[in-house]
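Coordinate inspection notes
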Amino acid sequence: MSPQQQPPATSTHAAAPEALPLARILPAYWPALLTALVSLTLCIGLAWVRHDQTLAAEEAQVQKELSALRSRLEAVAQTTFAPTLGLEALIRLDGGISEARFQAMSSQVIRLLPHVRSIVAAPNDVADFIYPLAGNEAVYRLDYRSIPRQYEQVQLARRLAQPLLVGPVQLVQGGQGLIQRVPVFLPRSEGEAPRYWGVISVVADLPRFVQSTGLEDRQDLRLGLYQPGLQADRLGDLIWGDGSLAQRRPVLQTVNLPGAVWMLAAVPAQGWSQGPSWRSIETALSVGVSLVLTWLAGLLVYRRRLLVSHNRALSEEIAHGREVQTALDAEQARFRSLTELSTDWVWEQDRELRLSYVSRPAEKATQVPSQSLLGLRRWESPALVPGVDWAAHQARLERREAFRDFEYAHYAGDGSIRHVSISGAPYFDAQGEFAGYRGTGRNITSDKQAKQALLESQAALTETLNRLQAILDSASEVAIIATDLEGHITVFNRGAERMLGYNEREMLGRYPDFLHRREEVLERAAELSAELGEPIQGFDTFVALARVHGNETRVWTYLRKDGSALDVSLTVSLVRDRGGPAMGYLGIARDITEQRQAERALVKLNAELEDRVSSRTLELTEAMHTLRQAQDELLRSEKMAALGSLVAGVAHELNTPLGNCLTTASTLEERTREIQAEFNGPGMRRQHLADYLRDAGTAASILLRSLSTSTELVAHFKQLSVDQTSSQRRVFDLANALDDVLSLLRPRLRTTPFEVVCEVHTQRPLDSYPGPLGQVINNLVLNALLHAFGGRDHGRLSIQADELSPDWLLLVVEDDGVGMSEAVRRRAFDPFFTTKMGSGGTGLGLNIVYNIVTGILGGQIELSSELGKGSRFTFRLPYVAPQLSAKAEDRAMTPGR
């Protein structure tokens with residue numbers, strides 16, 4: 001009932017009527033009040049929903065920004081620590097690395113990546129290679145085993161067999177840094193585990209590393225890098241950034257780095273929205289609408305319920321989308337890291353089998369730009385090397401079959417040939433229609449080259465073994481038996497089979513003592529025990545003196561397989577490799593049975609002819625005297641022959657200065673007669689006398705220069721002839737001796753375009769053999785003309801001598817010729833080895849040099865050479881040569897030896 005319909009009140013109840021309408025009005029407006037209350041509640045609910053949507057939008061935006069930052073962080077980390085993988089691959093391929101190569105690669109990396117502080121390679125966990133060394137001297141030769149914390153990291157990387165990234169680390173040079181440690185394993189033969197080589201460490205400056213990722217430049221976000229916590233949604237230790245983010249409900253993303261997994265956390269710089277905004281226009285409008293449309297309260301409530309339900313579904317969808325996005329990001333990161341770290345690459349072909357995608361590692365491995373291949377079928381590439389059965393491959397693709405390890409080759413940008421192996425499988429769309437092929441590719445050029453090199457080395461080794469076996473078998477007149485250091489037979493040639501009746505198969509691995517008479521061996525063992533002062537028995541009976549003196553020749557009795565005996569002259573030599581350690585023993589036996597029988601017959605004959613010997617003693621004495629005279633005459637003849645060769649050189653060299661003297665003297669004589677005639681005549685002009693005096697001075701100068709040259713040449717050749725015809729020991733100046741040798745070679749060098757430079761910086765004279773030393777220099781110069789400068793129109797040979805120590809000098813003979821390969825360098829000093837056989841080379845020049853330097857001169861020799869970089873002979877010679885025995889001295893002084 002409305003207030004106008006109420007009956008009028010009586011005077012006795014005047015106050016009640018006034019209160020009654022108010023009491024009725026309020027219940028009458030309860031729907032409006034209820035609507036207002038519901039509207040207010042609805043406004044509050046809408047404000048909080050808007051707040052939730054704002055938070056969801058903020059989180060989505062932060063998630064998007066964080067994904068871009070994570071990708072850039074992973075890319076910068078991959079670029080920063082990728083050089084260690086290159087070094088690791090290089091060491092694994094070559095079995096090690098040189099200092100020069102390490103420095104070259106490291107300097108380029110630090111130049112391109114300024115936030116990389118240093119690179120360290122530690123074979124056997126000892127820091128032998130450091131770049132840069134300046135500022136890191138304390139790390140050089142550091143043994144990681146002496147630093148437990150670092151060695152623990154090295155051991156962990158070794159156990160995991162993969163890179164390990166550690167940080168942050170307080171650096172000795174100041175500041176914080178990151179250290180990546182990459183273990184290196186060298187491959188072995190098939191079936192064997194790889195061998196641990198050492199570890200490669202890269203030290204990066206943490207602030208500069210973070211700066212290069214762009215994290216510091218983000219003013220709109222508060223960022224932090226953390227170690228992963230024990231739980232997936234928890235953060236561990238702080239690496240960089242804001243340490244308080246763990247309490248601010250941050251957005252997290254996993255960062256996959258080479259050797260570590262980090263968590264990237266972020267919140268907006270101004271923080272998350274802290275509640276609904278009551279001063280917004282939307283709130284004011286909602287309040288106004290609620291006052292105007294209170295009668296629509298039920299409908300608004302219903303709409304609110306629909307909106308809340310929709311928002312809940314939207315939140316669930318957003319949460320599900322986050323989970324899907326996180327999983328997708330993880331898969332993409334894993335795939336990206338695998339493809340970037342691997343040397344393989346991935347590719348795709350469309351329905352028409354045209355290449356639609358090729359990953360970036362393909363360009364590095366094949367040196368062919370990927371853009372030039374996209375849109376082409378694989379067999380349509382212009383860089384293909386012919387010789388591949390593409391028809392069979394195309395037929396397989398038409399059948400939509402998977403394939404593995406299909407190999408082909410193409411030309412790289414530098415003209416070299418790159419071999420490629422690909423594998424692929426077809427893929428289909430949702431309707432089951434063929435959509436194309438996907439697969440992987442691999443560069444197998446190094447494998448091909450390694451296989452080819454292995455085949456070539458195996459062929460060379462087989463040829464060498466066959467040649468050696470042929471040489472041994474050709475020595476059929478002597479028995480050659482080789483053993484190891486313990487006495488087991490390792491070589492038993494055809495001559496030994498023929499002499500003793502045993503075959504090689506039944507002799508290999510046995511001891512040779514059963515070939516001798518036991519009593520003879522025991523008797524010889526007793527003699528050696530008394531001579532050497534130590535008990536000798538068993539196999540040592542045959543090799544004791546060879547072990548001391550290098551070889552021993554003795555007559556033994558061999559027992560053949562049929563039981564018969566034969567006398568042999570057995571020479572046992574100690575065999576060493578080029579490095580010096582003993583390898584075994586070599587025995588060469590010659591059958592002297594007939595010789596011994598002849599000797600015994602000769603002894604018997606001598607006994608019968610004892611009387612006749614006395615009668616012919618005088619005759620034999622005279623014959624011996626005549627023989628000695630003949631020997632002396634032969635010796636003089638050989639010396640004269642050598643001297644004749646020197647005289648021929650002297651005559652050729654003196655011809656020019658003496659010819660100049662003769663021409664000048666005849667001209668001066670003619671001018672003297674002319675001036676004498678003018679002087680005896682009626683008058684002599686002053687100008688003619690002045691011309692004569694000028695010409696006479698010029699002639700005298702020419703005569704003095706030519707005669708000085710002749711005198712110097714005669715002195716050089718005189719000294720050289722004495723040294724060359726008798727290898728007599730004397731004290732001499734090294735510079736003068738070298739000048740004497742080069743003076744003899746100048747006539748030949750003058751006809752060539754090559755230059756010989758000699759520099760001597762020694763102060764002490766030598767007490768040695770100038771003749772053999774001159775022969776060494778002569779052989780090296782002639783060897784350079786024949787081998788080092790063959791086919792060239794220029795070249796330089798330098799001879800340099802320097803002080804090495806108070807007792808030793810260093811003599812270096814170096815040329816800039818064609819150089820030697822490693823195979824030629826290893827055999828350069830072998831006798832009869834030459835690369836110019838049939839073109840003037842005998843293969844004895846460098847062998848004679850080696851024997852003279854290590855024998856008569858008592859020195860050492862070292863040869864270093866590379867193809868295209870010349871050769872360098874380094875001699876370490878004593879100032880005082882060792883004393884030779886009387887026999888060796890006589891042999892060194894004998895001409896022609």
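So, how was this worked out
Residues numbered from 1 in each chain as written. Predicted model: local features only at pLDDT ≥ 70, side-chain atom pairs only at ≥ 80, totals over all residues. Heavy atoms only, no water. Helix = DSSP H or I, 4+ residues; strand = E, 2+ residues; numbered from the N terminus. Buried < 20%, exposed > 50% of the residue type's maximum accessible area, 1.4 Å probe, protein only. Contact = heavy atoms within 4.5 Å. Areas by Shrake-Rupley, 256 points an atom, 1.4 Å probe, with all protein chains shown as cover. Salt bridge = Lys/Arg side-chain N within 4 Å of Asp/Glu carboxyl O. Pairing = 2+ DSSP bridges. Axes fitted to C-alpha atoms, helices over the stretch in contact; angles between N-to-C directions. Core = buried A, V, L, I, M, F, W, Y, C linked by side-chain atoms within 4.5 Å. Phe/Tyr/Trp six-rings, centres within 6.5 Å; stacked < 30°, edge-to-face > 60°. pLDDT = per-residue confidence, 0-100. Expected span 1.5 Å × (residues − 1). Bend = angle between axes of the 7 residues up to and from the residue. Polar contact = N/O pair within 3.5 Å; in protein donor to acceptor, adjacent residues only side chain to side chain. Patch = residues over 30% accessible without salt bridge, like charges linked within 9 Å, V, L, I, M, F, W, Y side chains within 5 Å. Parallel < 35°, antiparallel > 145°, perpendicular 65-115°, else oblique. Left-handed = near helix turned anticlockwise from the far one by under 90°. Nonpolar A, V, L, I, M, F, W, Y, C, P; charged D, E, K, R; others polar.

When helices and strands are tallied, the protein chain shows 22 helices and 26 strands. Split into buried and exposed, the 897 residues of the protein chain put 35% on the buried side. Long-range pairs, those at least 24 residues apart, make up 56% of the contacts in the protein chain with a sequence separation of at least 6. Looking at the protein chain as shown, the accessible area adds up to about 52900 Å², and 55% of this sits on carbon and sulfur atoms.

Restricting attention to buried positions, one finds in helix α21 (residues 845-854) the residues Leu846, Asn847, Val849, Ile852 and Val853. Along its buried surface, α21 packs onto α19 (770-788), β25 (860-865) and β26 (871-878).

Here the focus is the pattern of salt bridges. Under the definition given, this model contains 33 salt bridges. The closest approach of N and O atoms between glutamate 674 and arginine 671, which form a salt bridge, is 3.0 Å. Here the residue glutamate 674 and the residue arginine 671 both occupy positions in helix α16 (residues 610-680), the gap between them amounting to three residues, near one helical turn. With a relative accessible area of 41%, glutamate 674 lands in the partly exposed category. Counted as one network, the salt bridges with shared partners bring together Arg524, Glu527, Glu552 and Arg554.

Time to look at the sheet that holds strand β21 (residues 754-760). Strand order in the open sheet made by the five strands is β21-β23-β24-β26-β25, with mixed pairing throughout. With one partner strand each, in any of the chains shown, β21 and β25 form the two edges of the open sheet. Each neighbouring strand pair of the sheet contributes to a mean axis angle of 10°, computed without reference to strand direction. In terms of strand pairing, strand β23 (residues 795-803) meets strand β24 (residues 808-815) through seven bridges, oriented antiparallel. Residue serine 798 lies in a different strand from β24, and its bridge partner there is glutamate 814.

To continue, consider the sheet that holds strand β2 (residues 129-131). What the five strands build is an open sheet, ordered β2-β1-β5-β4-β3; its pairing is antiparallel. In this open sheet, the two edge strands, each paired with only one partner strand, are β2 and β3 (164-170). Across the sheet, the axes of successive neighbouring strands diverge by a mean angle of 15°, strand direction being ignored. Bridge count between strand β4 (residues 176-186) and strand β5 (residues 195-205): ten bridges; the pairing is antiparallel. Paired with valine 184 across the strands is glycine 198, a residue of β5. This element, helix α4 (residues 148-160), spans β3, β4 and β5 of the sheet and lies at about 45° to β4.

This part is about unusual backbone geometry. Following tyrosine 131, the chain continues into proline 132 via a peptide bond in cis, with omega recorded as -5°. By secondary structure assignment, the location of proline 132 is in the loop between β2 and α4. Note the cis peptide between glycine 167 and proline 168, where omega equals -5°. Of note, proline 168 is situated in strand β3. Backbone geometry at arginine 141 places phi at a positive 65°, although glycine is not the residue there. Mapped onto the secondary structure, arginine 141 falls in the loop between β2 and α4. With a relative accessible area of 49%, arginine 141 lands in the partly exposed category. Positive phi values are uncommon outside glycine, yet arginine 400 reaches one of about 60°. Of note, arginine 400 is situated in the loop between α9 (390-398) and β12 (403-411).

Across soluble globular proteins, nonpolar side chains show a tendency to be buried alongside one another. Residues Phe209, Leu223, Leu225 and Trp262 are the most contacted members of the largest nonpolar core, which totals 50 residues. The greatest single-element share of this core, amounting to eleven residues, is contributed by helix α2 (residues 30-94). With residues near it in sequence (within four places) discarded, leucine 223 still touches Leu66, Leu69, Leu215, Arg218, Trp240, Gly241, Asp242, Leu245, Ala265 and Ala266. Grouped together as the second largest cluster of nonpolar side chains are 42 residues, Ala737, Ala828, Leu863 and Tyr879 included.

Glancing now at the packing of aromatic side chains. Applying the stated criterion across every chain yields a total of 15 aromatic pairs. With centroids separated by 5.2 Å and ring planes inclined at 65°, the aromatic side chains of tryptophan 390 and phenylalanine 406 adopt a geometry described as edge-to-face. Within this pair, whereas tryptophan 390 is found in helix α9, its partner phenylalanine 406 is found in strand β12, the two being separated by 16 residues in sequence. Here the two residues tryptophan 390 and phenylalanine 406 agree in accessibility, since each one is buried. Between phenylalanine 434 and tyrosine 437 the ring centres are 5.8 Å apart and the planes differ by 70°, which places this aromatic pair in the edge-to-face class. The pair formed by phenylalanine 434 and tyrosine 437 is uniform in burial state, with each residue classed as buried. Members of the aromatic cluster, connected to one another through ring pairs, are Trp347, Phe403, Phe428, Phe434 and Tyr437.

On average, the protein chain scores 78 in pLDDT, and the residues at 70 or more come to 80%. Note that residues 891-897 has pLDDT below 50 and, in this model, eleven contacts with residues that lie over four places away or in other chains.

With that out of the way, let us pick up helix α18 (residues 734-749). With 16 residues, α18 should reach 22 Å at 1.5 Å per residue; the first-to-last C-alpha distance of 21 Å fits that figure. The largest bend along α18 reaches roughly 35° and is located at serine 743, with the proline proline 747 sitting one to four residues downstream. Every buried residue belonging to α18 is among Leu734, Ala737, Leu738, Asp740, Val741, Leu742, Ser743, Leu745, Pro747 and Leu749, and all of these are buried. Near the N-terminus of α18, the side chain that reaches the backbone nitrogen of alanine 735, with its oxygen 3.2 Å away, is that of aspartate 733.

A surface patch of nonpolar side chains, about 380 Å² in accessible area, is lined by Phe679, Met684, Leu689 and Leu693. Relative to the assigned elements, leucine 693 resides in helix α17 (residues 686-725).

Let us now look at the side chain of aspartate 815. Mapped onto the elements of the fold, aspartate 815 is located in strand β24. Its relative accessible area of 7% is what places aspartate 815 among the buried residues. Of the polar contacts made by the side chain of aspartate 815, one reaches the backbone nitrogen of glycine 817; its length is 2.9 Å. Ignoring anything within four residues of it in the chain, the contact list for aspartate 815 reads Ala788, Phe789, Arg796, Leu797, Lys869, Gly870 and Ser871.

Contact geometry of α19 with α21 gives a least axis separation of 9 Å together with a crossing angle of 150°. Between α19 and α21, the crossing angle belongs to the class labelled roughly antiparallel. The chirality of how α19 crosses α21 is left-handed. Of the residues in α21, those in contact with Pro772, Gln775, Val776, Asn779, Leu780 and Asn783 of α19 are Gly845, Leu846, Ile848, Val849, Ile852 and Val853. Tallied by class, the residues present in the contact of α19 with α21 amount to eight nonpolar, four polar and no charged.

Here glutamine 108 lies in helix α3 (residues 99-112). Its relative accessible area of 43% is what places glutamine 108 among the partly exposed residues. As a C-alpha pair, glutamine 108 and proline 83 span 25 residues in sequence and 9.9 Å in three-dimensional space.

All right, on to the pairing of strand β19 (residues 582-591) then. Bridge count for strand β15 (residues 478-484) against β19 is seven bridges, and the pairing is antiparallel. Bridged to alanine 482 within β19 is leucine 586. Two elements, strand β18 (residues 565-576) and β19, share nine bridges in a ladder whose sense is antiparallel. From the neighbouring strand, arginine 576 faces β19, where its bridge partner is alanine 582.

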